[in-house]
Amino acid sequence: MKQYCDGGEAILEAFRSLGLDYVISSPGSEWSPVWEALARQKVNQKSGPAYIDCWHETLAVDMAMGYTQMTGRMQAVLLHAGAGLLQGSAGMHSAMLAEVPMVIMSGESTSFGEDPELAIEPQWYRSLSIVGGPQRLVEPVTKWATQAANVHTLYEHVVRAGEFAQRTPMGPVYLNAPLEVMLQEWTPSDNPRRVPPPPKTRATDTDVERIAKLLVAARNPVILTDSAGRDPAAFTALVELADLFGIPVGGRAAYANFPKNHPLHLGAGIQPFLKDADLVLLVACRAPWYPPSRKPTTGTVVAIDENPLKGMMVYQSLQADHYLEGEVAASLRLLLEAAKAAGIGPARHADRGARWQREHNQMIVAERAAEAKAKDGDEIDPLALVGALRESMPQDAVYVEETITHAGMLQQRLPWSQPRSFFRAGGGLGQGLGTALGVKLGAGNRPVVALVGDGSLLYNPVVQALGAAKGSGLPILIIVCNNGQYRAMQTGHLHHYPDGVAQEADLWHGVTIDGPDYAELGKPFGLHGQKVQRQAELPGAIRNAMREVESGRTAILNVVLSR
């Protein structure tokens with residue numbers, strides 16, 4: 001049994017130095033050097049990342065993304081060159097938009113069998129090569145993409161890729177490792193280092209002082225956020241800041257940003273109050289209103305983010321008058337310290353907090369009343385689904401949402417009170433199941449629920465995701481929000497042609513989904529499934545499905561909605 005030490009070992013050693021937990025892969029024929037290194041790792045009982053096998057490239061990228069969002073720990077993804085990268089590019093785009101770091105690698109051949117000293121398989125010559133290199137395929141959807149052209153630089157290339165991915169702005173980084181490079185002998189360093197975590201960026205004292213003065217002087221401040229909750233420390237600091245100043249918190253949710261049971265939470269309900277705000281804090285909020293230039297207030301706007309101007313967006317207008325750039329949690333802590341130093345205490349804004357608590361309470365009463373009314377009929381109203389989840393799911397449940405028609409309603413009404421309890425699967429559709437599985441990989445015993453529209457589900461690699469759920473022991477509850485159509489298609493059509501022929505003739509294209517019974521999709525894998533068509537069946541179906549999940553089996557509920 002020969003113990004090789006080649007480029008495959010260099011890559012794995014770099015992953016160890018980066019402190020990665022997993023190598024998540026939809027395997028390709030270039031990766032035999034890494035497979036050999038992983039086998040050596042196990043036989044030699046050496047510590048290092050575990051391997052997770054996926055049947056689809058987007059699934060592999062999405063699982064890495066979900067795991068990092070849940071844990072804050074970056075992972076590696078190995079894909080196949082050419083078509084494999086194209087398959088995975090949808091996931092890369094989502095990771096880029098969500099600013100999730102990961103190291104993505106694939107290979108190529110540079111000798112095409114012409115090197116008499118190195119036999120290379122013929123598929124690289126016939127069908128797998130990309131003119132200009134495979135990095136060209138993913139340059140638009142990664143933070144950085146290049147080739148490692150020499151075995152002597154391979155280890156440091158991978159380490160640099162991992163460090164670069166985690167620097168602001170974070171994002172996926174791609175590295176192409178040719179097979180000829182990975183097969184060369186490699187000599188490890190005599191003094192390997194453990195790669196340090198990325199440093200945190202900090203706002204300047206001058207900027208903190210300026211924004212703190214605006215906060216102290218504000219009569220009617222509000223906070224908008226969509227992504228503060230990606231960091232649990234920012235979640236906690238945001239609650240403290242809101243409490244200290246009696247500021248309501250709202251906005252669309254990409255993460256669980258603020259406790260739903262907090263008296264200052266308004267969510268989407270904050271919109272009517274923006275026009276009277278004299279200070280708007282955009283806390284990790286990349287698109288606070290639409291159209292972007294239509295600022296809803298004459299008040300001052302402050303953008304608080306480590307990377308407020310998003311380079312992955314073609315167009316962005318925050319209408320900001322001031323920026324507080326640095327790690328969000330640290331910036332909020334600095335504002336808290338400055339406010340307390342200025343004599344601001346909990347009693348200072350008690351009346352303002354009480355006012356917003358009344359608004360919060362009125363909002364909750366109205367929401368619960370609407371949910372109760374939704375239970376009156378036999379059909380399942382979407383509001384009844386949310387009510388049933390609130391009644392049936394444990395408080396520590398984690399929700400991953402990938403819907404279109406029901407997205408706003410779910411983000412506003414799904415219950416959560418702690419960080420890392422909600423994740424919006426962004427980018428193009430088809431990322432929800434993989435993200436949910438990655439979240440479950442990092443969530444431990446916390447139950448994970450994937451809420452996916454029937455249209456959204458059909459963009460996902462369903463068979464591959466169910467295979468990963470069973471094969472990797474990642475039981476989740478999948479709820480298909482089934483309204484039998486791509487409602488967004490019809491809504492968009494009516495928006496532009498409200499009095500057109502399609503409306504008059506009731507003739508629609510790209511709207512109806514003649515789908516299967518989604519509850520049956522898990523049968524080949526021995527998974528639990530149930531089609532739910534009546535409102536009275538819903539709470540029991542959720543509880544039964546959760547018992548299956550708790551026993552270790554993924555469950556699918558095909559919930560037929562009335563709208």
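For clarity, every value in this text was computed on a predicted model and none was experimentally measured. (Residues numbered from 1 in each chain as written. Predicted model: local features only at pLDDT ≥ 70, side-chain atom pairs only at ≥ 80, totals over all residues. Heavy atoms only, no water.)

A. Highlighting the packing of helix H12 (residues 350–374) against helix H13 (residues 382–392). Contact geometry of H12 with H13 gives a least axis separation of 8 Å together with a crossing angle of 105°. Of the possible angle classes, the one that applies to H12 and H13 is roughly perpendicular. Together, Arg-368, Ala-370, Glu-371 and Ala-374 of H12 and Leu-383, Ala-384, Val-386, Gly-387 and Arg-390 of H13 make up the contact between the two elements. Counted by class, the contact of H12 with H13 contains five nonpolar, one polar and three charged residues. (Axes fitted to C-alpha atoms, helices over the stretch in contact; angles between N-to-C directions. Helix = DSSP H or I, 4+ residues; strand = E, 2+ residues; numbered from the N terminus. Parallel < 35°, antiparallel > 145°, perpendicular 65-115°, else oblique. Contact = heavy atoms within 4.5 Å. Nonpolar A, V, L, I, M, F, W, Y, C, P; charged D, E, K, R; others polar.)

B. Fine view of the packing of aromatic side chains. For the structure on display, the rule yields 10 aromatic pairs. Relative to Phe-525, the ring of Trp-55 lies with its centre 6.3 Å away and its plane at 35°, an arrangement referred to as tilted. Of the two residues, Trp-55 sits in the loop between strand E2 (50–53) and helix H3 (57–71) while Phe-525 sits in the loop between helix H19 (501–505) and strand E17 (528–532), which places them 470 residues apart along the sequence. The exposed category is assigned to Trp-55, whose relative accessible area is 51%. When the ring of Tyr-255 is compared with that of Phe-423, the centres are 5.9 Å apart and the planes differ by 75°; the resulting orientation is edge-to-face. One end of the pair, Tyr-255, is in the loop between strand E8 (249–250) and strand E9 (265–267); the other, Phe-423, is in strand E14 (residues 422–424), with 168 residues separating them in the sequence. For the pair Tyr-255 and Phe-423, one class covers both residues: buried. Looking at Lys-143, its charged tip hangs above the ring of Phe-164, at a distance of 4.3 Å from the centre. Lys-260 extends its terminal NZ or CZ atom over the ring of Trp-416, reaching a point 3.7 Å from the ring centre. (Phe/Tyr/Trp six-rings, centres within 6.5 Å; stacked < 30°, edge-to-face > 60°. Buried < 20%, exposed > 50% of the residue type's maximum accessible area, 1.4 Å probe, protein only. Lys NZ or Arg CZ within 6 Å of the ring centre and 35° of its normal.)

C. A look at the nonpolar core. Core analysis: the biggest nonpolar cluster contains 53 residues, and Met-63, Met-102 and Leu-437 have the highest contact counts within it. Among the elements that line this core, the one with the most residues is H3, at eight residues. The contacts of Met-102, once residues within four sequence positions are left out, are Val-61, Ala-64, Met-65, Met-74, Gln-75, Val-77, Ala-95, Ala-165, Gly-171, Pro-172 and Val-173. Judged by nonpolar contacts, the second largest core, of 52 residues, contains Val-239, Ile-247, Ile-304 and Leu-324. (Core = buried A, V, L, I, M, F, W, Y, C linked by side-chain atoms within 4.5 Å.)

D. Quick peek at empty space enclosed by the protein. Enumeration over the complete set of coordinates arrives at three cavities of 30 Å³ or more. Of the volumes computed, that of the largest cavity is approximately 140 Å³. Those elements that provide at least two residues to the lining of the largest cavity are E8, E9 and helix H14 (407–413). When residues in the lining of the largest cavity are grouped by element, the largest group, three residues, is from H14. Of the residues contributing to the lining of the largest cavity, the split by class is six nonpolar, nine polar and two charged. Roughly 40 Å³ of volume is contained in the second largest cavity. Lining the second largest cavity are Leu-433, Leu-457, Val-462, Leu-466, Ile-478, Val-480, Leu-521 and Ile-556. (1 Å grid on protein atoms, 1.4 Å probe; cavity = no way out; pocket = protein on both sides within 12 Å on 5 of 7 lines; lining within 4 Å. Points joined across faces, edges and corners; volume = space filled by probe spheres on them.)

E. Seen up close, helix H9 (residues 205–217). Across its 13 residues, H9 extends 18 Å between first and last C-alpha, which sits within 8% of the 18 Å expected from 1.5 Å per residue. The complete set of buried residues in H9 reads Val-208, Ile-211, Ala-212 and Leu-215. Projected down its long axis, H9 shows its buried positions confined to an angular sector of 105°, all on one face. In H9, the exposed residues that point more than 90 degrees away from the buried face are Thr-206, Lys-213 and Ala-217. At its buried positions, H9 is contacted by helix H10 (232–245), strand E10 (279–283), strand E11 (300–305), strand E12 (322–325) and helix H11 (328–341). (Expected span 1.5 Å × (residues − 1). Arc of directions from axis to C-beta.)

F. Molecular detail of the sheet that holds strand E15 (residues 448–453). With parallel pairing, six strands are arranged side by side in an open sheet as E14-E13-E15-E16-E18-E17. Of all strands in the sheet, those with a lone pairing partner are E14 and E17, marking the two edges. Each adjacent strand pair in this sheet contributes to an overall mean axis angle of 15°, direction not counted. In terms of strand pairing, strand E16 (residues 477–482) meets strand E18 (residues 555–560) through six bridges, oriented parallel. Its bridge partner being in E18, Ile-479 is matched across the sheet by Leu-557. (Pairing = 2+ DSSP bridges.)

G. Representation of the layout of surface pockets within the structure. For the second largest pocket, the calculated volume is near 340 Å³. Of all the secondary structure elements, the ones that give two or more residues to the lining of the second largest pocket are H12, H13 and H14. Take the lining of the second largest pocket: its biggest share by element is four residues, from H12. Here the lining of the second largest pocket is composed, by residue class, of nine nonpolar, six polar and five charged.

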